[in-house]
Amino acid sequence: MMDYFYFSLVNFTTLGRGDLTPVGHLRFITGIEAFHGFLMITASGSFVLQVMAGRAPLSDKG
């Protein structure tokens, strides 16, 4: 079970170490997971930068 968690964590952080490799249709799912991880890390970084700049990132004022 820890191998699955490790593999998922490596893909989600888009690290892509390559010591565990998927086969078949799982290759497509891991690509989607890596892309989703990239989007989540980018969004959270943008959120933190807006908070540090003193703006309200989720307000309607823009």
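Participant: Help me understand the overall build of the protein, please; the structure alone is not making it clear to me.
Facilitator: Broken down by element type, the protein carries two helices and zero strands. Its C-alpha atoms give the protein a radius of gyration of 16 Å, more than 25% over the compact-globule value 11 Å for 62 residues. Taking the principal axes of the C-alpha coordinates as reference, the protein spans close to 45 × 20 × 20 Å. Relative to its 62 residues, the protein shows a buried fraction of 8%.

Participant: Could you clarify how one ought to interpret helix 2 (residues 26–52) in this entry?
Facilitator: An α-helical segment advances 3.6 residues per turn. Residues three or four places apart therefore align on the same side. Compared with the 39 Å implied by 1.5 Å per residue over 27 residues, the 39 Å span of helix 2 between its first and last C-alpha is a close match. Among all positions in helix 2, only Thr30, Ala34 and Gly37 are buried. Residue Gly54 follows helix 2 closely and has a positive phi angle near 90°.

Participant: How do you make sense of the packing of helix 1 (residues 2–12) against helix 2 when you look at a structure like this?
Facilitator: A pair of packed helices is captured by two measures, namely the crossing angle of their axes and the spacing between those axes. Where helix 1 meets helix 2, the closest approach of the two axes is 7 Å, and the angle between their N-to-C directions is 55°. Viewed along their axes, helix 1 and helix 2 adopt a mutual orientation that is oblique. When helix 1 is examined against helix 2, the residues Phe7, Ser8, Asn11 and Phe12 are found in contact with a partner set consisting of Thr30, Glu33, Ala34, His36, Gly37, Phe38, Met40 and Ile41.

Participant: In this structure, what is going on with the layout of surface pockets? I would like to understand it.
Facilitator: Over the atoms a probe the size of a water molecule is rolled, and this reveals where empty space is left. Its volume calculated, the largest pocket comes out at about 160 Å³. Considering the residues around the largest pocket, the lining is formed by Asp3, Tyr4, Phe7, Ser8, Leu20, Thr21, Pro22 and Glu33. With four residues, helix 1 is the largest single contributor of residues to the lining of the largest pocket. Taken together, the residues of the lining of the largest pocket sort by class into four nonpolar, two polar and two charged.

Participant: Which parts of the structure should I look at to understand a nonpolar patch on the surface?
Facilitator: Judged by side-chain polarity, Phe47, Val48, Leu49, Val51, Met52 and Leu58 come together as a nonpolar surface patch covering roughly 650 Å² of accessible area. Here Val48 is to be found in helix 2.

Rules used in this analysis
Residues numbered from 1 in each chain as written. Predicted model: local features only at pLDDT ≥ 70, side-chain atom pairs only at ≥ 80, totals over all residues. Heavy atoms only, no water. Helix = DSSP H or I, 4+ residues; strand = E, 2+ residues; numbered from the N terminus. Rg over C-alpha atoms; globule rule 2.2 N^0.38 Å. Buried < 20%, exposed > 50% of the residue type's maximum accessible area, 1.4 Å probe, protein only. Expected span 1.5 Å × (residues − 1). Axes fitted to C-alpha atoms, helices over the stretch in contact; angles between N-to-C directions. Parallel < 35°, antiparallel > 145°, perpendicular 65-115°, else oblique. Contact = heavy atoms within 4.5 Å. 1 Å grid on protein atoms, 1.4 Å probe; cavity = no way out; pocket = protein on both sides within 12 Å on 5 of 7 lines; lining within 4 Å. Points joined across faces, edges and corners; volume = space filled by probe spheres on them. Nonpolar A, V, L, I, M, F, W, Y, C, P; charged D, E, K, R; others polar. Patch = residues over 30% accessible without salt bridge, like charges linked within 9 Å, V, L, I, M, F, W, Y side chains within 5 Å. Areas by Shrake-Rupley, 256 points an atom, 1.4 Å probe, with all protein chains shown as cover. Salt bridge = Lys/Arg side-chain N within 4 Å of Asp/Glu carboxyl O.

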